[in-house]
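Residue-level structure breakdown
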Amino acid sequence: MMALVGSLHKELAETVSVCRVLVVGAGGIGCELLKNLVLTGFSNIEVIDLDVIDVSNLNRQFLFQKKHVGKSKAQVAKESVLQFCPKANITAYHDSVMNPDYNVEFFRNFMLVMNALDNRAARNHVNRMCLAADIPLIESGTAGYLGQVAVIKKGVTECYECQPKPTQKTFPGCTIRNTPSEPIHCIVWAKYLYNQLFGEEDADQEVSPDTADPEAAWEPAETAARAGASNEDGDIKRVSTKTWAKSTGYDPVKLFNKLFNDDIKYLLTMDKLWKKRKAPVPLDWNEVQELDGSWPRSGWQKRSLAFSEDSSALQTESSTAGLKDQQVLDIKSCSQLFARSVETLRAQLCEKGDGAELVWDKDDPPAMDFVTSASNLRMHIFSMNMKSRFDVKSMAGNIIPAIATTNAVIAGLIVLEGLKILSGNIEQCKTIFLNKQPNPRKKLLVPCALDPPNANCYVCASRPEVTVKLNVHQTLVLSLQDRILKEKFGMVAPDVQIEDGKGTILISSEEGETEGNNSKCLSEFGIRHGTRLQADDFLQDYTLLLNILHCEDLGKDVEFEVVGDTPDKPIEKTAEGSAKSITNGSDDGAQPSTSKAQDQDDVLIVDSDEEPSSSSTDVNMEGPSLKRKLEEGEESVRSKRMRTDPPAAQEEDDDIIALD
């Protein structure tokens with residue numbers, strides 16, 4: 001790798017001075033990258049970021065100060081850089097890079113595009129825009145101490161989407177609702193609960209006991225008499241959670257008793273669930289408030305709260321040490337935090353007016369208070385060690401603690417790869433992995449040769465084509481649009497026509513043109529086994545052909561399958577080193593109290609000094625930039641992404657999306 005020592009040679013220096021560069025993302029990597037660019041001599045830079053500055057950014061995003069909290073990251077980053085390099089010509093956009101204004105022609109204005117993103121959707125989009133504009137893209141991402149940089153050039157290297165990225169880990173609904181066994185299950189449940197109470201209700205995010213759990217196999221009629229799980233403060237009725245909550249005026253005590261007492265007693269009537277599991281122990285609001293604030297010691301408390309000596313000692317010790325956010329609250333404190341957060345969120349909802357909804361945000365204190373308290377109460381009920389707010393935020397927010405030094409190293413590597421491209425030596429570019437520990441050859445930075453394009457890639461192939469297996473009699477047009485084309489294949493505004501000789505328009509990106517089709521099944525339009533659809537996204541200058549295979553025996557809860565998709569499994573060791581997929585944070589267990597947080601990128605670490613191909617390391621860049629995703633995801637909360645998914649504190653814990 002070319003060393004950058006002293007000044008650049010004349011020709012390169014001139015190219016750098018006139019080169020127009022687009023930086024996508026002004027967060028952890030973005031701040032370091034902007035600084036590096038101007039100090040290297042780049043003077044024509046445009047930066048785009050939709051985010052605003054949060055207090056949690058200040059420990060590593062050095063271009064921001066406390067007075068900037070709440071302001072545009074892109075704008076403040078520009079102003080800060082100009083203070084030490086006033087001659088630079090920097091344009092800042094406080095906007096989403098997926099806005100139609102930033103079309104292919106916009107991207108063609110640049111000689112280089114550098115990604116410093118933290119989510120897969122944006123990475124996919126920028127990847128496609130750079131392919132369409134035929135502009136070199138430098139992807140990057142970090143996950144704790146791990147990092148990655150990769151160069152993408154149309155027709156020369158793999159694109160960001162050439163290699164399948166594992167989907168974010170998800171959990172069966174009956175596990176979340178009936179039999180949680182890991183803290184992440186309780187955190188996912190608490191996030192679902194937040195949406196059910198204050199946000200947009202989703203039938204797939206139900207939190208009440210699942211009576212259809214196949215493992216329970218119980219007879220409701222036989223156990224109804226024993227339920228004893230209803231009272232006037234929390235009658236378990238089959239109405240939506242939000243409807244019931246509104247009927248109580250969002251009374252914290254009634255909510256507490258329904259969620260943590262009545263529903264738990266109802267679960268206990270499903271006898272078969274508890275034959276080989278430790279049964280949950282209901283909590284009662286009044287009894288919890290009688291506790292003295294310390295961990296239970298009385299006979300009643302030991303029996304009712306089901307604390308083991310080991311668990312109690314561990315929780316007591318961890319609750320009294322560390323920073324405030326790293327302390328583990330006791331049951332009484334959790335119940336009171338739950339009540340306060342419900343009241344605050346109720347007030348916010350009222351301020352917005354009838355029909356309003358709140359959106360969960362890990363950086364919103366009341367929202368985090370709610371998820372922290374609700375998840376910990378449920379963890380206690382199911383005999384798990386509780387978590388600190390820091391840990392819960394990591395898992396619930398799909399992020400892992402960001403390391404400033406990692407961002408700095410990766411930002412430096414981005415610039416070095418950019419200089420190779422501008423020198424006309426793209427063949428010298430590498431995919432570079434930053435490891436947490438030296439490999440056997442004592443190397444922290446491991447370069448890998450760039451792989452050629454994947455001939456079967458559904459994005460950069462000369463004629464992108466996929467085969468999708470689904471039930472044409474059950475799949476709605478809306479599902480085809482949202483779940484398959486947008487979510488699975490990353491399109492922004494797809495137009496779809498049926499190759500039936502008539503060019504029948506199934507989906508139009510023009511508002512109102514085909515909305516009447518949304519609720520209809522594909523079969524109603526003559527789509528059957530063997531039908532071909534052409535999907536076009538004019539913003540991305542991208543066309544995808546879909547071959548439809550009708551199938552009536554897809555697995556349970558499976559809407560569709562992409563034939564040939566690579567299964568989510570660890571990447572095998574390659575060359576002489578080992579490739580390690582990091583999902584959910586870091587795999588060393590270095591996590592805040594106990595767990596780490598996903599949305600979804602995993603970083604692949606290659607412990608080799610040699611230069612295996614980058615695909616052997618299947619790096620998911622989705623996170624901040626490295627995030628080539630080894631992780632990908634949004635229910636599991638574990639590791640997160642550059643697509644980098646930091647590993648969660650516990651391997652099984654969550655799928656976190658690491659980003660920063």
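Small disclaimer: the values here were computed from a predicted structure and weren't measured. (Residues numbered from 1 in each chain as written. Predicted model: local features only at pLDDT ≥ 70, side-chain atom pairs only at ≥ 80, totals over all residues. Heavy atoms only, no water.)

**As for the sheet that holds strand β4 (residues 112-115)**
In spatial order, the strands read β3-β2-β1-β4-β5-β6-β7-β8; together these eight strands make up an open sheet with mixed pairing. Of all the strands in the sheet, just β3 (89-93) and β8 (445-449) have a single pairing partner and so form its edges. Averaged over neighbouring strand pairs, the angle between their axes works out to 15° when direction is ignored. With seven bridges connecting them, strand β5 (residues 137-143) and strand β6 (residues 146-152) associate as antiparallel partners. Bridge pairing in β6 places L137 opposite I152. Those strands touched by helix α3 (residues 73-84) are β2 (44-48) and β3, and its axis lies near 165° from that of β3. (Pairing = 2+ DSSP bridges. Helix = DSSP H or I, 4+ residues; strand = E, 2+ residues; numbered from the N terminus. Axes fitted to C-alpha atoms, helices over the stretch in contact; angles between N-to-C directions. Contact = heavy atoms within 4.5 Å.)

**Here we look at the pairing of strand β9 (residues 465-470)**
Side chains V466, V468 and L470 project from β9 onto a buried face, and the interleaved E465, T467 and K469 project onto a face without burial. Inspection of the sheet shows β9 paired to strand β14 (residues 560-562) by three bridges, in the antiparallel sense. For V468, the partnering residue across the bridge sits in β14 and is V562. (Buried < 20%, exposed > 50% of the residue type's maximum accessible area, 1.4 Å probe, protein only.)

**Observations regarding helix α17 (residues 404-422)**
Since there are 3.6 residues in each turn of an α-helix, residues three or four apart along the chain are aligned in direction. With 19 residues, α17 extends 27 Å between its outermost C-alpha atoms, agreeing within 8% with the 27 Å of an ideal straight helix rising 1.5 Å per residue. Of all 19 residues making up α17, 14 are buried, and the element is well covered by its neighbours. Directly beyond the C-terminal end of α17, a positive phi value near 85° is found at G424. (Expected span 1.5 Å × (residues − 1).)

**Examining the sheet that holds strand β10 (residues 495-498)**
The sheet built from six strands is open, its strands ordered β11-β10-β12-β13-β9-β14 with mixed pairing. In this open sheet, the two edge strands, each paired with only one partner strand, are β11 (504-507) and β14. Taken pair by pair, the neighbouring strands of this sheet meet at an average axis angle of 30°, ignoring direction. The pairing of β10 with β11 spans three bridges and is classified as antiparallel. Following the sheet pairing, I498 is matched in β11 by T504. Contacting β9, β10, β11, β12 (532-537), β13 (542-550) and β14, helix α18 (residues 477-488) crosses the sheet at an angle of about 70° to β11.

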